[in-house]
Amino acid sequence: MQGNDPERTKPMEKWECTVCGYIYDPAKGDPDNGVVPGTRFEDIPDTWVCPECGVTKDNFRKLA
Ligand SMILES: [Fe+2]
């Protein structure tokens, strides 16, 4: 892995689905749905939906 890419040095925040409580962890991604580990929430395609309840990204909030 390259260590000098500024995109990779940004903190990777977890996001929570406000509908079902699913936590998106960038370190794990969502490989079952085509999101590779290391993908920040902001970089997930807008077509992605919560793997637990199926709502869109709009329904997620960033965890402090
Ligand atoms: Fe959900």
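Residues numbered from 1 in each chain as written. Predicted model: local features only at pLDDT ≥ 70, side-chain atom pairs only at ≥ 80, totals over all residues. Heavy atoms only, no water.

Enquirer: Hey, could you go over the overall build of the protein for me, with residue numbers and the actual values?
Expert: Tallying secondary structure elements over the protein gives one helix and three strands in all. N-terminal to C-terminal, the α/β element order of the protein is α-β-β-β. Expressed as a percentage of the 64 residues in the protein, the buried residues total 30%. Long-range contacts, defined here as pairs at least 24 residues apart, represent 43% of the contacts in the protein between residues at least 6 apart. Accessible surface, the protein: about 4,400 Å² in total, of which carbon and sulfur atoms supply 49%. (Helix = DSSP H or I, 4+ residues; strand = E, 2+ residues; numbered from the N terminus. Buried < 20%, exposed > 50% of the residue type's maximum accessible area, 1.4 Å probe, protein only. Contact = heavy atoms within 4.5 Å. Areas by Shrake-Rupley, 256 points an atom, 1.4 Å probe, with all protein chains shown as cover.)

Enquirer: Give a detailed account of the nonpolar core, specifying residues and quantitative values.
Expert: In this structure, W15, C17, Y22, Y24, V35, F41, I44, W48, C50, V55 and F60 together form the largest nonpolar core, which totals 11 residues. Excluding its chain neighbours within four sequence positions, the residues that come into contact with V55 are C17, V19, V49, C50 and F60. (Core = buried A, V, L, I, M, F, W, Y, C linked by side-chain atoms within 4.5 Å.)

Enquirer: An account of the coordination of the iron ion is needed here, citing residue identities and associated values.
Expert: Surrounding the iron ion are the protein donor atoms C17 (SG), C20 (SG), C50 (SG) and C53 (SG), at 2.3 Å. Between the four donor atoms coordinating the iron ion, the angles at the centre fall across 105 to 114°, so the site counts as tetrahedral. Expressed as a motif, the donor residue spacing for the iron ion is C-x2-C-x29-C-x2-C. According to the relative accessible area criterion, C53 is partly exposed, its value standing at 33%. (Donors = N, O, S within 2.8 Å, 3.2 Å for Na, K, Ca; no water. Tetrahedral: all angles 85-135°; square planar, octahedral: opposite > 155°, others 65-115°.)

Functional significance is not addressed by these values, which are geometric in nature.
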